[in-house]
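Topology and contacts: notes
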Amino acid sequence: MNKAVVDPVTVRHDTVIPAGEPWIHELNQGQHLRIIDLEGNQAADTLFYNAHDYSDRYSAQDTIRAQANIYLTTGTKLISSKGNVLLTIVGDTCGRHDTLGGACAMESNMVRYAIEKRHMHACRQSFVKAALAWGRGLEKRDLAPNINFFMNVPVTPEGKLTFEDGVSGAGKYVELQAEMDVLVLISNCPQLNNPCNAYNPTPIRVLVFD
Amino acid sequence: MFEDTIQPGATWSYVLKRGTAVRLTDIYGGANVSAIFYNWENPVERYNMPDTLKAQHTAHLTQGDVLYSDMGRVLCSITEDTVGWHDPLSGCSNAALVARKYGEARYQEHGNDCHTNATDSFAIELAKFGLSFRDMTTPVNFFSKVLVNEEGSMTFVTGHSKRGTYVELRAEMNVLAIFNTSQHPLDPNPNYQPKPVQLTIRRVAPPGPDDPCRTSRPENGRGFLLTERDFIQPQGDL
């Protein structure tokens, strides 16, 4: 399943996203998106929308319930708020990805770490910045709980949520096939207050190919 | 202040004022209440599942926990809970799920026993407050328990909530609360049998410095501080 080598002829887009920056891009139905953790242990906070209806967006709860499992990996269908399959994960050299931990925000950093952390850059700043730049009505209220590709947030049988060192490593990737036209919004996470980026946010690479 | 009953499969909404609390009581056992919450002063600030879970390092909710907004503030505190575990993970029922599990039952043939689902009901209720389906946030399922094992598999626990058990939510700001009593989406019961809950609204004392929800974690201490900053009043008469 995992096509380690992509035919360069079919590559439509190839971008390196530095840590702390967003990326927004439309995928046509059938196109593949590969997200590569270039240096390892980097969280790629990701949202998906039906490209023709932003109220029809990735739903973490519907996705985990549909597969009765909280971790995302090869075979996971990403379900939307209106019950559509947005994308399918078709390749994964990492093993599992989180969708309960959400994206960091200045406001949640104040709660989690210290009031003085407010100024620190955060994913939801990047999400809003990219949404406003994209225009077309996308705004803060469209930011639902996201996927954290390459992040490891186990839940214990006692119902505790824990943050563990990443299961990712340099060069590991996840690959998705768009099942409909979708809008992708990624924040390459700038979080410095916990080990989600090994305290060293690094670039990721995204490839779009037919 | 007042009592009410949320009928089976019904929706109830109210702006719960800061300084009041709502108690939900499972009348017969086996109830489920899917619930969504908004800051009524600024509804773009709303309940956030990930922020609630990661601030408290938990994947279930019970007494001593609070419900966080996406703006680092506390919407509600769980001040009392005889149920012990509420599910924040599984989302709520929708039209396709209800039709698949229980078949179709329309008003024309079944009157007010017709089948309803939480997602569509929330959208209708949100519209009454000028909000829309786009504003839907992730529901909490009160009275329901879903276990997650080491491999991540989710299992609904049948018979979790007992007759007469209750949970009390204290509003820490003016909160638009919308409740729906549809069955939990993972409930294996093949029959359409939503349960009613009793609801009681009362005035409560504001949380003091030793409030158990405030002191349950250092994160919550900061969450309460940030919330209370929103309610600082000018001194004296203006």
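Since the structure is predicted, the reported quantities are computational estimates derived from the model, not experimental observations.

The subject of this paragraph is the overall build of chain B. In terms of regular secondary structure, chain B is built from six helices and 12 strands. Radius of gyration (C-alpha) of chain B: 18 Å, near the 18 Å computed for a compact globule of 238 residues. Overall, chain B is about 60 × 45 × 35 Å in size when its C-alpha atoms are taken along their principal axes. Classification of the 238 residues of chain B by burial places 51% in the buried group.

In this section: the overall build of chain A. The helix and strand inventory of chain A stands at three helices and 11 strands. Scaling as 2.2 N^0.38, a compact globule of 210 residues should have a C-alpha radius of gyration of about 17 Å, and chain A matches this with 16 Å. When the backbone C-alpha atoms are referred to their principal axes, chain A occupies close to 50 × 35 × 35 Å. Contacts in chain A between residues far apart in sequence, at least 24 positions, make up 75% of those at least 6 positions apart.

Turning our attention to the nonpolar core. Core analysis: the largest hydrophobic core is formed by 64 residues, its most contacted members being A:Ile35, A:Leu47, A:Phe48, A:Val182 and A:Val184. Broken down by element, this core gets its largest block of residues, five residues, from strand S10 (residues 182-188) of chain A.

Attention now moves to the sheet that holds strand S1 (residues 11-17) of chain A. Residues and elements named next belong to chain A. Reading across from one edge, S1-S11-S3-S9-S7-S6 is the order of the six strands in this open sheet, with antiparallel pairing throughout. Each having just a single partner strand, S1 and strand S6 (77-79) make up the two edges of the open sheet. On average, each strand axis in the sheet is tilted by 20 degrees relative to the strand beside it, whichever way the strands run. Pairing of strand S3 (residues 32-37) with strand S9 (residues 172-178) involves six bridges; the strand directions are antiparallel. Each residue of the ladder has a partner; that of Arg-34, found in S9, is Glu-175.

Before going further, it helps to spend a moment on the interface of chain A and chain B. When the parts of a complex come together, some accessible area is lost, and that lost area is often used as the size of the interface. Across the boundary between the two partners, chain A contributes 32 residues, which contact 40 residues of chain B. Of all the secondary-structure elements, those providing two or more residues to the side of chain A that touches chain B are helix H1 (60-67) and helix H2 (106-112) of chain A. No other element matches H2(A), which puts five residues into the side of chain A that touches chain B. Looking at the side of chain A that touches chain B residue by residue, the classes come out as 13 nonpolar, 11 polar and eight charged.

All names here are of chain A. Here Asp-142 shows up in the loop between helix H3 (123-134) and strand S8 (147-149). In this structure Asp-142 comes out as partly exposed when scored by C-beta crowding, with 19 C-beta atoms within 10 Å. Asp-142 sits 86 residues away from Asp-56 along the chain, and the two C-alpha atoms are 9.5 Å apart.

What follows deals with the sheet that holds strand S7 (residues 140-142) of chain B. Residues and elements named next belong to chain B. Spatial ordering of the open sheet is given by S2-S11-S4-S7, a layout of four strands whose pairing is antiparallel. Strands at the two margins of the open sheet, each flanked by one partner only, are strand S2 (11-16) and S7. Averaged over neighbouring strand pairs, the angle between their axes works out to 25 degrees when direction is ignored. Sheet topology note: the strand S4 (residues 33-39)/S7 ladder contains three bridges and is antiparallel. Following the sheet pairing, Ser-34 is matched in S7 by Asn-141. This element, helix H4 (residues 118-127), spans S2, S4 and strand S11 (175-180) of the sheet and lies at about 145 degrees to S11.

Moving on, we get to helix H6 (residues 218-229) of chain B. Each full turn of the α-helix corresponds to 3.6 residues, which orients residues three or four apart in the same direction. Over its 12 residues, H6(B) extends 17 Å from the first C-alpha to the last, a length consistent with the 16 Å expected when each residue adds 1.5 Å. Of all the positions in H6(B), only B:Glu219, B:Asn220, B:Arg222, B:Gly223, B:Phe224, B:Leu226 and B:Thr227 are classed as buried. Close packing links the buried residues of H6(B) with H2 of chain A together with helix H1 (49-56), strand S5 (66-68), strand S6 (74-81) and helix H5 (212-215) of chain B.

Now for the environment of B:Leu75. Looking at the element boundaries, B:Leu75 is found in strand S6. Contact partners of B:Leu75, with chain neighbours within four places excluded, come to B:Phe37, B:Asn39, B:Tyr47, B:Leu67, B:Ser69, B:Glu172, B:Met173 and B:Val175.

As a further point, take the environment of B:Arg73. Residues and elements named next belong to chain B. Of note, Arg-73 is situated in the loop between S5 and S6. Given 24 C-beta atoms within a 10 Å radius, Arg-73 is considered buried. Put simply, Arg-73 and Thr-52 are 21 residues apart on the chain and 10.0 Å apart in space, counted from C-alpha to C-alpha. In contact with Arg-73, not counting residues within four places along its chain, are Met-173, Gly-223, Leu-226, Thr-227 and Asp-230.

Moving on to unusual backbone geometry. In this structure, A:Arg136 is a non-glycine residue whose phi angle is positive, near 55 degrees. By the secondary structure assignment, A:Arg136 is in the loop between H3 and S8. With 9 C-beta atoms packed within 10 Å, A:Arg136 lands in the exposed category. We note that B:His57 has phi near 50 degrees; this positive angle belongs to a residue other than glycine. A residue is classified by how many C-beta atoms lie within 10 Å of it, and B:His57, with 13 of them, is partly exposed.

So, about the confidence of the model for chain B. Taken residue by residue, chain B gives an average pLDDT of 96. The fraction at 70 or more is 99%. Predicted complex, confidence summary: ipTM 0.96, pTM 0.96.

What counts as what
Residues numbered from 1 in each chain as written. Chains lettered and ligands numbered in written order. Predicted model: local features only at pLDDT ≥ 70, side-chain atom pairs only at ≥ 80, totals over all residues. Helix = DSSP H or I, 4+ residues; strand = E, 2+ residues; numbered from the N terminus. Rg over C-alpha atoms; globule rule 2.2 N^0.38 Å. Buried ≥ 20, exposed ≤ 12 C-beta atoms within 10 Å, placed from the backbone. Contact = placed C-beta atoms within 7 Å. Core = buried A, V, L, I, M, F, W, Y, C linked by C-beta atoms within 7 Å. Pairing = 2+ DSSP bridges. Axes fitted to C-alpha atoms, helices over the stretch in contact; angles between N-to-C directions. Nonpolar A, V, L, I, M, F, W, Y, C, P; charged D, E, K, R; others polar. Expected span 1.5 Å × (residues − 1). pLDDT = per-residue confidence, 0-100.

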